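Fold and geometry: a report
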Amino acid sequence: MKKLFSLILVFAMTLGACVSFAEKGPDAEATPMFSLSMTLPEGYTAEETWPDPYVVNVMLANEDPSRPMIDVQISYEDIYSDVTFSRDVWETEEIQNHAASLAYDVESEKYDEYFTRDTGLGTVIMIIHEADYTRMLTIWHGYMVTLFAADRTENGSSAPISDETLEVIMKFLTDMDISKVIVENAA
């Protein structure tokens with residue numbers, strides 16, 4: 001009887017903890033510490049999720065299943081506060097070290113090959129073609145931007161982006177405006 005009572009008590013405590021976590025769980029959105037302004041590619045809508053005050057995930061959606069998939073994550077990082085990937089400093093040792101750290105693949109323990117393109121405003125974007133998608137990375141005044149994009153093949157699978165899709169994304173990145181940090185964390 002004591003074992004049954006103990007099991008019921010453990011179950012009740014576990015259920016209470018789950019309910020408490022669900023009410024305050026990770027789905028609750030944080031108050032953003034910066035603002036983001038975007039001009040979306042034609043036919044796309046965007047859904048922003050703020051899991052942390054300094055991180056936003058933006059999922060771009062299009063009702064046309066043949067259109068490219070585009071997801072963006074932007075985070076503000078204090079350690080990069082003085083870092084911007086721009087062509088005039090791209091060849092400096094400091095910027096090349098930051099670029100190398102972004103291109104490092106921890107699973108393969110190798111550096112991914114990348115090429116660069118500049119946005120219309122001069123920010124250097126690192127572009128890495130993976131097997132079935134393309135990853136694009138940059139740092140702008142401490143904001144780390146990571147964009148994942150994939151073209152869709154006729155059978156519905158994902159593929160690295162085409163030059164045409166790259167042009168659409170470069171325009172999207174050129175038109176994107178990230179504010180300075182609105183409020184410093186009070187903690």
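Look up a bit, the structure's there.
Position labels on residues start from 1 in each chain and follow its written sequence. Residue-level local features of this predicted model are given only where pLDDT is at least 70; pairs of side-chain atoms are given and counted only at 80 or more, and the full residue set underlies all totals for whole chains, interfaces and linings. Water and hydrogen atoms were dropped before computing side-chain values, which therefore reflect all heavy atoms in the structure.

Moving on, we get to the packing of aromatic side chains. Note on aromatic pairs: the rings of Phe, Tyr and Trp (six-membered ring only in Trp) are paired at centre separations within 6.5 Å, and the planes decide the class, stacked below 30 degrees, edge-to-face beyond 60, tilted for the rest. On inspection of all chains with the given rule, the structure shows eight aromatic pairs. For the ring pair Phe85 and Trp90, a centre distance of 5.2 Å and an interplane angle of 75 degrees mean the geometry is edge-to-face. On the basis of relative accessible area, Phe85 is assigned to the buried category, the value being 0%. Residues Tyr133 and Phe148 carry aromatic rings whose centres are separated by 5.9 Å and whose planes lie at 55 degrees to one another, so their mutual orientation is tilted. One end of the pair, Tyr133, is in the loop between β8 (124-129) and β9 (134-140); the other, Phe148, is in strand β10 (residues 143-152), and 15 residues separate them in sequence. Accessible area is worked out with a 1.4 Å probe on protein chains only. A residue is then buried under 20% of its type maximum, exposed over 50%, and partly exposed in between. Overall, Tyr133 belongs to the partly exposed group, its relative accessible area being 28%. Judged by relative accessible area, which is 36%, Phe148 ranks as partly exposed. Segments assigned H or I by DSSP are reported as helices when at least four residues long, segments assigned E as strands when at least two residues long, and all are numbered from the N terminus.

What follows is about the nonpolar core. Of all hydrophobic cores here, the largest spans 28 residues; its most connected members are Val72, Ile74, Met136, Leu147 and Leu173. At the level of secondary structure, the elements contributing two or more residues to this core comprise β2 (44-52), β3 (55-62), β4 (69-76), β8, β10 and α3 (163-175). The dominant element in this core, judged by the number of residues it contributes, is α3, at five residues. Whether two residues are in contact is decided by their heavy atoms: any pair within 4.5 Å suffices. Residues within four places of Leu147 in sequence aside, it is in contact with Ile70, Asp71, Val72, Thr134, Arg135, Met136, Ile169, Phe172 and Leu173. Note on terminology: a nonpolar core comprises buried Ala, Val, Leu, Ile, Met, Phe, Trp, Tyr and Cys residues joined through side-chain atoms within 4.5 Å. Residues Val83, Phe85, Trp90 and Leu137 belong to the second largest nonpolar core, which totals 14 residues.

Time to look at the environment of Asp82. By the secondary structure assignment, Asp82 is in the loop between β4 and α2 (93-103). Counting along the chain gives 59 residues from Asp82 to His141, while the straight-line C-alpha distance between them is 5.9 Å.

Right, let's talk about unusual backbone geometry for a bit. Non-glycine residue Glu109 carries a positive phi angle of around 55 degrees. Following the sequence through the fold, Glu109 ends up in the loop between β5 (104-105) and β6 (110-111). Even without being glycine, His141 reaches a positive phi, approximately 50 degrees. Structurally, the position occupied by His141 is in the loop between β9 and β10. Owing to a relative accessible area of 32%, His141 belongs among the partly exposed residues under this scheme.

It is worth spelling out α3 at this point. With 13 residues, α3 should cover 18 Å at 1.5 Å per step; its first-to-last C-alpha distance of 18 Å lies within 8% of that length. Buried residues of α3: Thr165, Leu166, Ile169, Met170, Phe172, Leu173 and Thr174, and no others. Those residues of α3 that are buried are in contact with β3, β4, β7 (115-118), β8, β9 and β10. Under the convention used throughout, the expected extent of a helix is 1.5 Å for every residue step, that is, one less than its residue count.

The salt bridge definition used is simple: a Lys or Arg side-chain nitrogen within 4 Å of an Asp or Glu carboxyl oxygen. Enumeration according to the criterion identifies five salt bridges in this entry. The closest approach of N and O atoms between Asp118 and Arg87, which form a salt bridge, is 2.6 Å. Here Arg87 lies in the loop between β4 and α2 and Asp118 lies in strand β7, a separation of 31 residues in the sequence. Note on Arg87: relative accessible area 37%, which makes it partly exposed.

Here we take up the side chain of Asp112. With respect to the element layout, Asp112 can be found in the loop between β6 and β7. Here a polar contact means two N or O atoms within 3.5 Å. Within protein one must be a hydrogen donor candidate and the other an acceptor candidate, and residues neighboring in sequence count only if both atoms are side-chain atoms. At a separation of 2.5 Å, a polar atom in the side chain of Asp112 contacts the side chain of Arg135. With near-sequence residues (within four places) excluded, Asp112 lies in contact with Ala103, Asp105, Ile128, Glu130 and Arg135.

Below, the discussion takes up the pairing of β10. Of all ten residues that make up β10, eight are buried, and the element is covered over most of its length. By this definition, two strands are paired if DSSP reports at least two bridges between them. Pairing of β4 with β10 involves eight bridges; the strand directions are antiparallel. When the bridges of β10 are listed, Gln73 appears paired with Thr146. Of the pairings in the sheet, the one linking β9 to β10 comprises seven bridges and is antiparallel in character. Looking at β10, one finds that Leu137 is bridged to Thr146. Linking β9 back to β10 in an antiparallel pair, the connection comprises two residues, with His141 at a positive phi of about 50 degrees. For β10 and strand β11 (residues 158-159), the ladder comprises two bridges, and the chain directions are antiparallel. When the sheet's bridge partners are listed, Arg152 is paired in β11 with Ser158. The loop that links β10 with its antiparallel partner β11 comprises five residues; one of these, Gly156, has a positive phi angle of about 90 degrees.

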